[in-house]
Amino acid sequence: MISLSPEQNEIVNAPIGQPMRILASAGSGKTRVLTERIRHILKSTKKEGIIALTFTNKAAEEMQYRLENCENIEERVWIATIHSVAQRVLEQYGHTIGLPSELQIYEKDEDRMEVFMQSLREEGIDIDEYLNVDNSREQRNREKNLQRYMNEFSLIKRDLLTEEDIVSSHSENLVLWEMYQDYQNALLNSGGIDYDDILVYAHQILLTHEWIGNVYRAKYKHVCVDEGQDLNRAQYEFIKALCGETIKSVLIVGDPDQMIYGFNGSSIQYLCKQFDNDFSPIKFKLNKNYRSSEAVISAANKLKPQSQVGHEYALKGQLIIKALDDENAEANWIVEEIKNLLHLRMDSDIEGEITLDKMVIIARNRFIFSRIEQALTNNGIIYSIRKGERNQEPESLFGKILDHAIRIKLNSKDWVNGKKLCNLLNLNPPTKWGQDDLLNTWAQQISTIDQNNSDLYSTILRSVNEWDVSNPNIPKFVRDFERKLKELADSLPINEDTSVENPAEELKRSLDELNEFSESWIRFKRKGTGDSLSAFRNAIALGQIAKDVNENGITLSTVHTMKGLEKDIVFLMGMCDGVFPDYRANTQREIEEERNNAFVAITRAKRWLYITYPKKRVMPWGDERLQRPSRFLVEIQE
Ligand SMILES: Nc1ncnc2c1ncn2[C@@H]1O[C@H](COP(=O)(O)OP(=O)(O)OP(=O)(O)O)[C@@H](O)[C@H]1O
């Protein structure tokens, strides 16, 4: 167990009951201090509960893991993302503001747009006129305008804007607020809400029903918030409403230099100003980097002058910068370097053997990885890509049918998924949505259609229809269908013609997805946050029970998915202007956020940092373009 520094200790052992704000630089031990503080509160108070709010599900799991050995941890500490806590408020108290009890989250953009468009069509509205599309023949214009409105709606929710705000800020489009209301009604008429609504409605519930906030406040007397620099207004106001007038023991920790969610409405002003105004906290600072070597800290300080100091025992480490002829040369050079490192095996800078799991390749965006993936594969080097937390769509027909059927079971008004299911199975969609018996009716229809596996598909619908939504018997479903799918596999003719759609592959994918479904259910039950089908479905939609990434081999990660994590050896690739900073960043504020991204990327390194860029890149249409090194790289080299 590493001992805490005097500065860290002061925070962990500060008197309990007062608001605290910690501004701390990369690698200065924020996460450690936060977990130790929670441990301290648990020990020092008898029964009081703590809500610990994280930014990602992964960070919540990590904190859970670190606090595992605390007594009564499950009962006393609620560790979750802000969205998960808000979702729980909705599940339990949504009815108090007129929301249906089985709320469906439309997590995909395409579904939200479809719900909106269909409701306009039903009202007999001329969509092109409504969306202000000049040329009605241009489908692309319509989609672009629609996407623009969807972004506006998102912004309204993330910034908690009111009608007056909209009217004063959008004088060129006075109907925006009306359109927003149309969109909200369209969602609710389909029995659903969107991702941003979770916070908006939960906030509204807490503001309008003091007693509901009191239910939480009776149990939880302390609130801790991680990654405070990434809060947007809706998130901040939700936390504030959760604390109400009574919770004063609020600790917020963050690093303004690591704010990288501006596209999500984040602003450092909630951490740096608003919290100050609302809570008058005691303030702390941590700027000693315990993670990185001198070489890494020096590079970080070039980007963010005086942001951090190294600690007494920081190793020298190394920074290697390399310009390569083109993207292939860059990928090959990195792969050769990885091989050299593996060959080296030991070095006094690195604890233990140098292995692939001690390395990460970071890029500004995932499109940069195509060459390096190819080069790693060609050299037989195992790698995995860290994915974001959003839900993965099923791919097999079996998986898709199951997914849509579950949504219909939960919400028979969900014509978006209902129609998709009808399309998949060649069924006629009903003229009216919302009847309880849809799945059974479709199951009967399929039985009469002559198509491959119709028996299997109708049985899926029937089985899902029979589930008790408050506690579905999913293990039995999994057992039954595992057997059925295996029987189908056994009956396949041998020597399948692989030039046509391969049924063996499709069956394998179906079984894999059934297995994933089963594992998700087990993880959901283990979390203990509910038993119902709707809680399960929403946990999937919010990525709360996503499978851990397989971190075998070397990791490839974008800056955003590497946030909060660390590795001994970091390769930062594709470091040319246009990629990093991203070509769309034009304003001063956007460029500063790109700088934050670069700062996050390099401070992931514990010991050795490699930065590379190609001197030319081939554009998708074949042109070769000369590249300039990233302006951030130039600064680091100065
Ligand atoms: N007092 C300490 N002594 C030695 N090592 C420490 C100390 N405090 C933290 N560390 C180590 O420093 C590293 C960074 O700590 P941590 O991840 O908590 O920092 P952080 O501030 O959350 O980082 P970031 O914001 O950059 O993600 C970890 O490896 C941690 O174990």
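Residues numbered from 1 in each chain as written. Predicted model: local features only at pLDDT ≥ 70, side-chain atom pairs only at ≥ 80, totals over all residues. Heavy atoms only, no water.

An unreviewed UniProt entry lists the protein chain under the name DNA 3'-5' helicase, with Methanolobus vulcani as the source organism. Per UniProt, the protein chain carries the Sequence similarities (unreviewed entry) text "Belongs to the helicase family. UvrD subfamily." (UniProt positions renumbered as here; feature names shortened; annotations may be inferred.)

Now, about the site of the ligand: what can you tell me, with residues and values included?
Taken together, 19 residues lie around the ligand, and Gln-8, Lys-30, Thr-31, Arg-291 and Glu-566 are the ones closest in. Ser-28 places a main-chain nitrogen or oxygen 3.3 Å from an oxygen atom of the ligand. In the model, an oxygen atom of the ligand is placed 2.8 Å from a nitrogen or oxygen of the Arg-291 side chain. With the chains in place, 87% of the 640 Å² that the ligand exposes on its own is no longer accessible. It is helix α2 (residues 30-44) that contributes the most residues to the shell around the ligand, 3 residues altogether. Grouping the constituent residues of the shell around the ligand by class yields 4 nonpolar, 10 polar and 5 charged. Two domains each provide a minimum of three residues to the shell around the ligand, namely domain 1 (6-90 + 200-286) and domain 3 (294-389 + 548-637). (Near = heavy atom within 4 Å. Polar contact = N/O pair within 3.5 Å; in protein donor to acceptor, adjacent residues only side chain to side chain. Areas by Shrake-Rupley, 256 points an atom, 1.4 Å probe, with all protein chains shown as cover. Helix = DSSP H or I, 4+ residues; strand = E, 2+ residues; numbered from the N terminus. Nonpolar A, V, L, I, M, F, W, Y, C, P; charged D, E, K, R; others polar. Domains from an automatic or database assignment.)

Describe empty space enclosed by the protein, with residues and values.
Taken as a whole and judged by the stated rule, the model has 4 cavities of 30 Å³ or more. In terms of lining residues, the largest cavity is bounded by Glu-327, Glu-330, Ile-368, Arg-371, Met-573, Gly-574, Cys-576, Val-579, Pro-614 and Arg-617. At the level of secondary structure, the elements contributing two or more residues to the lining of the largest cavity comprise α16 (327-344) and β16 (605-618). Its residues assigned to classes, the lining of the largest cavity comprises 5 nonpolar, 1 polar and 4 charged. (1 Å grid on protein atoms, 1.4 Å probe; cavity = no way out; pocket = protein on both sides within 12 Å on 5 of 7 lines; lining within 4 Å. Points joined across faces, edges and corners; volume = space filled by probe spheres on them.)

Got a sec to walk through the sheet that holds strand β7 (residues 249-254)? Specific residues and values, please.
Judged by pairing direction, the sheet is parallel, and its 6 strands sit side by side in the order β3-β2-β6-β7-β1-β8 without closing on themselves. Because the sheet does not close on itself, it has two edges, and the strands there are β3 (77-81) and β8 (282-286). For this sheet, the mean angle separating the axes of adjacent strands, direction not counted, is 15°. Bridging between strand β6 (residues 220-225) and β7 involves 4 bridges; their strand directions are parallel. Across the sheet, residue Val-223 finds its bridge partner in β7, namely Val-250. Against the sheet, helix α12 (residues 210-219) makes contact with β2 (49-54), β3 and β6, and its axis sits at roughly 90° relative to β6, the strand it touches most. (Pairing = 2+ DSSP bridges. Axes fitted to C-alpha atoms, helices over the stretch in contact; angles between N-to-C directions. Contact = heavy atoms within 4.5 Å.)

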